[in-house]
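Spelled out from the first residue to the last, the chains are:
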Amino acid sequence: MSFREYVSDKFTGIMIRLICAVAAALFLLATGTRPGILLILLCMLLPVSAGMLLHDFFRRRARLKELNAVFDGLDRKYLFAECVPPPKELYERRLFDLTRRAGRAMTTAVSDAETAGQEYREYIETWVHEVKTPITAARLICRRLNGDIRQRLTAELARVEAHVERALFYVRAENPDRDCVIRRTCLNDIAAKALQAHKALLIQSGVRVETEGLEQTVYTDDKWAAFIIGQLLQNAARYRGKDPVIRIAASPLGKQVRLTVADNGIGIPAHEVSRVFDKGFTGSNGRSCGGSTGIGLYLCRKLAGFLNLNLRLTSEEGKGTVVTLTFPAKESLPDEILQNRK
Amino acid sequence: MNKIMIIEDDPHIREELTLLLENEGCIPVPVTDFTDIPGQAALRAPDLILLDIGLPDRDGFSLCASLRKTVNAPIIFVTARDSCPDEVRALSLGGDDYITKPYSVPVLIARIKAVLRRSAGQEDPDILSAAGLTLHLTRGTVSAGGRTVELSRNELKILSLLMTHTGEIVSRADLIDALWDNQIYIDDNTLSVNMTRLRARLEELGMPDCIRTRRGMGYQL
């Protein structure tokens, strides 16, 4: 609050006081008071009211500064009214009471929403684990069917699993530090895990998978990394072209390791490439092929962020898509993540 | 024959596992009464225990700890919970392996066999013999009638799969499936190419018609 702001805020009051003083002076002059006395009177009164105005300005400015400091120091801003030293003035005190009551209502609402969100997340996680039991039973039962039906049912079950897995990681991405454990892992194991998980889809799509140079050591969470690669494999299989080939290759890049997952599929139109990682974005391919949720790549980017993975996608329509994952050097990982190592 | 105790509360999975293990030539011991499991285990003396973590009344972790006091058999945890802390806890409580649901059947069988072999102190079998062929897995060669030829990695795996199922018809889909489990990611066409090459190798050994094609069904050794 500058002095100018203060004056313009109090303008009406100051004007009324000035007009009153002028009117009183004129009245006194008309009723025969000598001008000398009037001058003395004015010289006494004006500094007093100016002084009162200045005092009020400095007092208020100091108070505002104090409140601002409290606000800036707060982690959760909505608790402001609870943390402020109570005001002395009656009017301000009443205002604060109101703010505080409003704040309390809000705090309750926020904590209710937080609890509800947490419970919902926990329920989803439990649900995911529960639904895996009947899927396992269905898989085991499938084994007794004859060839063709078994293949097809297995592929459908794999699709169910892929959806369930995405739901699980969606929940996990909300609480990343609870589940993410960075460990020294061989890239080959991560790729094998992802390929194994989507075996049914890839085989049925007639995809040939080529791997190269995967004997690299990376520092990452193997489950999360396998999930990310799994999403890329699913996309490559879903948006495949003729004679589909997926090439998974890795090479060291200084202390980092770069992994590319390249396919020769239908590719992504140039104007859509920048939006593929957006939540809910399905694009023209997603619409024409169906079954796209717009969640897979969104989750990939979110999880990659926690793992300090650099995720990049390039694509040419009709030629294919290349996704590059750069695994960080061990030294560049934040200490708090590495401390989770078991 | 190996006796395998199945501690699993879902009746469908229990039944199917029982059937599956029977077909694999094991003696399954399904547990249906979930009181005093350590006592039952001591009585039945299994060679291996499959243990579900989410059991009624009692969780698998504490059960594993008390099982360890009564039996020596290796324990494989089978669970739907796949978080890292659970896995670490399971292995530190004396579990020998940790498999998450939904598992693929060949992977489950392979891991059961691996744990059984480890506990019996056996090595992986290096030599397979069937249908007049002898396959050296580590050397990557196959011999018959005194002659020996070398095989590529893919050919070796295909032949070993056929040899472990001598007499049975193995479908192309199953073959591809099993190859993927062994980190050989081939498609239908590549399988045909590999099959032709494998047959040429076997012809060099003087066994040209060793692998029969059963039209519409698969291959048979």
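These numbers were taken from a predicted model, which means no experiment stands behind them.

Asks: How do you make sense of the overall build of chain B when you look at a structure like this?
Replies: Assigned secondary structure in chain B consists of eight helices and twelve strands. Projected onto the principal axes, the alpha-carbon positions of chain B cover approximately 60 × 30 × 30 Å. Put simply, chain B has 221 residues, and 48% of those count as buried. With the model as given, the accessible surface of chain B reaches about 10400 Å², and the carbon-plus-sulfur share is 48%. Positive and negative charge centroids in chain B, built from 24 and 32 side chains respectively, lie 4 Å apart.

Asks: Before we go on, may I ask you to explain the sheet that holds strand β12 (residues 218-220) of chain B in this structure?
Replies: What links the strands of a sheet is backbone hydrogen bonding, and the strands pair in either a parallel or an antiparallel sense. Residue and element names in this part refer to chain B. Strand order in the open sheet formed by three strands is β10-β12-β11, and the pairing between neighbours is antiparallel. Each edge of the open sheet carries a strand with a single partner, namely β10 (169-170) and β11 (212-214). Relative to β12, β10 runs antiparallel, the two being bridged by two bridges. Its bridge partner lying in β12, Val-170 is registered against Tyr-219.

Asks: Is there a simple way to explain the interface of chain A and chain B in this structure?
Replies: A common way to state how big an interface is: give the accessible area lost once the parts meet. At the interface, 34 residues of chain A touch 31 residues of chain B. Of the roughly 3000 Å² buried where chain A meets chain B, counting both sides, 58% is carbon and sulfur surface. Looking only at chain A, the three residues that lose the most surface to chain B are Leu-140, Arg-143 and Lys-199 of chain A, adding up to 19% of its buried area. At the junction of chain A with chain B, the criterion picks out five salt bridges. Two residues, Asp-177 of chain B and Lys-199 of chain A, come together in a salt bridge whose shortest N-O distance is 3.0 Å. The interface formed by chain A and chain B holds six residue pairs in polar contact (both at pLDDT 80 or more) in total. At the level of secondary structure, the elements contributing two or more residues to the side of chain A that touches chain B comprise α5 (90-142), α6 (147-172), α8 (187-197), α9 (199-204) and β2 (208-212) of chain A. The element best represented in the side of chain A that touches chain B is α5 of chain A, accounting for nine residues.

Asks: Explain the pattern of salt bridges here, please?
Replies: Oppositely charged side chains can form a pair if their charged atoms are brought close together. Under the criterion given, the structure shown has 31 salt bridges over all chains. Lys-199 of chain A is the partner of Asp-181 of chain B in a salt bridge, and the nearest nitrogen-oxygen pair spans 2.8 Å. In this pair, Asp-181 of chain B is assigned in helix α7 (residues 172-181) and Lys-199 of chain A in helix α9, connecting two distinct chains. With a relative accessible area of 6%, Lys-199 of chain A lands in the buried category. Notably, a salt bridge pairs Lys-319 of chain A with Glu-316 of chain A, separated by 3.4 Å at the nearest N-O pair. Under the relative-accessibility criterion, Lys-319 of chain A is labelled exposed at 57%. Given the relative accessible area of 46%, Glu-316 of chain A is considered partly exposed.

Asks: What should I look at first to understand the packing of α6 of chain A against helix α12 (residues 296-306) of chain A in this one?
Replies: Between two packed helices, both the angle of their axes relative to each other and the distance between the axes serve to describe the pair. Residue and element names in this part refer to chain A. In contact at an axis separation of 10 Å, α6 and α12 are set at 35° when each is read in the N-to-C sense. Classified by chirality, the crossing of α12 by α6 is left-handed. Across the interface between the two elements, Arg-166, Phe-169 and Tyr-170 of α6 pack against Gly-296, Tyr-298, Leu-299 and Leu-303 of α12. Grouping the amino acids of the contact of α6 with α12 by side-chain chemistry returns five nonpolar, one polar and one charged.

Asks: How should empty space enclosed by the protein be read in this particular structure?
Replies: Empty space among the atoms becomes visible once a probe the size of a water molecule is rolled across them. In this structure the tally under the stated criterion is two cavities of 30 Å³ or more. Taken as a whole, the largest cavity spans an internal volume of roughly 480 Å³. Asn-235, Tyr-239, Ile-268, Val-276 and Leu-297 of chain A are, among the 32 residues lining the largest cavity, the residues nearest its centre. Secondary-structure elements contributing two or more residues to the lining of the largest cavity are α10 (222-238), β5 (256-263), α11 (283-289), α12 and β7 (320-327) of chain A. Counted by class, the lining of the largest cavity contains 14 nonpolar, 14 polar and four charged residues. Estimated volume of the second largest cavity: approximately 30 Å³. Along the walls of the second largest cavity sit Ile-6, Ile-7, Glu-8, Leu-17, Leu-50, Leu-51, Asp-52, Val-78 and Tyr-103 of chain B, which together make up its complete lining. Sorting the residues of the lining of the second largest cavity by element identifies β1 (3-7) and β3 (48-52) of chain B as the ones contributing at least two each.

Asks: Just to check I follow, could you spell out the packing of aromatic side chains for this structure?
Replies: Within a pair of aromatic rings, the relevant descriptors are the distance that separates the centres and the angle that separates the planes. All names here are of chain A. Tallied over the entire structure, the rule returns ten aromatic pairs over all chains. Among the aromatic residues, ring-to-ring pairing joins Phe-3, Tyr-6, Phe-57 and Phe-58 into one connected group. Positioned above the aromatic ring of Phe-71 is the side chain of Lys-77, whose terminal nitrogen or guanidinium carbon lies 5.0 Å from the ring centre. Seen from the ring of Phe-169, Arg-172 lies directly overhead, with NZ or CZ sitting 5.3 Å from the centre.

Asks: I tried to follow the state of the cysteines on my own but got confused; where do I start?
Replies: The term disulfide refers to a covalent linkage connecting the sulfur atoms of a pair of cysteines. Applying the stated criterion across every chain, the model contains zero disulfides over all chains. Not part of a disulfide, Cys-20 of chain A finds its nearest cysteine sulfur in Cys-43 of chain A, a span of 19 Å.

Asks: Is there a simple way to think about the sheet that holds strand β6 (residues 127-130) of chain B in this case?
Replies: Residue and element names in this part refer to chain B. Judged by pairing direction, the sheet is antiparallel, and its four strands sit side by side in the order β6-β7-β8-β9 without closing on themselves. What marks the edges here is a single partner per strand, and that holds for β6 and β9 (147-150). Here the strands of the sheet are splayed against their neighbours by 20° on average, with no regard to which way each runs. When β6 meets strand β7 (residues 133-136), the two strands line up antiparallel, connected through four bridges. Pairing of Ser-129 across the sheet is with Thr-134, part of β7. Helix α6 (residues 153-164) rests against β6, β7 and β8 (141-144) of the sheet, and its axis sits at about 130° to β7. The strands touched by helix α8 (residues 188-204) within the sheet are β7, β8 and β9, with β9 carrying the most contacts at an inclination of about 155°.

Asks: Which parts of the structure should I look at to understand unusual backbone geometry?
Replies: When glycine is set aside, most residues are seen to have a negative phi, and most peptide bonds are trans. Residue and element names in this part refer to chain B. Backbone torsion omega between Lys-101 and Pro-102 reads -10°, so that peptide bond is classified as cis. Even without glycine at this site, Ala-45 takes up a positive phi of about 45°. Relative to the assigned elements, Ala-45 resides in the loop between α2 (37-44) and β3.

Cut-offs applied
Residues numbered from 1 in each chain as written. Chains lettered and ligands numbered in written order. Predicted model: local features only at pLDDT ≥ 70, side-chain atom pairs only at ≥ 80, totals over all residues. Heavy atoms only, no water. Helix = DSSP H or I, 4+ residues; strand = E, 2+ residues; numbered from the N terminus. Buried < 20%, exposed > 50% of the residue type's maximum accessible area, 1.4 Å probe, protein only. Areas by Shrake-Rupley, 256 points an atom, 1.4 Å probe, with all protein chains shown as cover. Lys, Arg positive; Asp, Glu negative; His and termini not counted. Charge placed at Lys NZ, Arg CZ, Asp CG, Glu CD. Pairing = 2+ DSSP bridges. Contact = heavy atoms within 4.5 Å. Buried area = accessible area lost by both parts, 1.4 Å probe. Salt bridge = Lys/Arg side-chain N within 4 Å of Asp/Glu carboxyl O. Polar contact = N/O pair within 3.5 Å; in protein donor to acceptor, adjacent residues only side chain to side chain. Axes fitted to C-alpha atoms, helices over the stretch in contact; angles between N-to-C directions. Left-handed = near helix turned anticlockwise from the far one by under 90°. Nonpolar A, V, L, I, M, F, W, Y, C, P; charged D, E, K, R; others polar. 1 Å grid on protein atoms, 1.4 Å probe; cavity = no way out; pocket = protein on both sides within 12 Å on 5 of 7 lines; lining within 4 Å. Points joined across faces, edges and corners; volume = space filled by probe spheres on them. Phe/Tyr/Trp six-rings, centres within 6.5 Å; stacked < 30°, edge-to-face > 60°. Lys NZ or Arg CZ within 6 Å of the ring centre and 35° of its normal. Disulfide = S-S within 2.5 Å.

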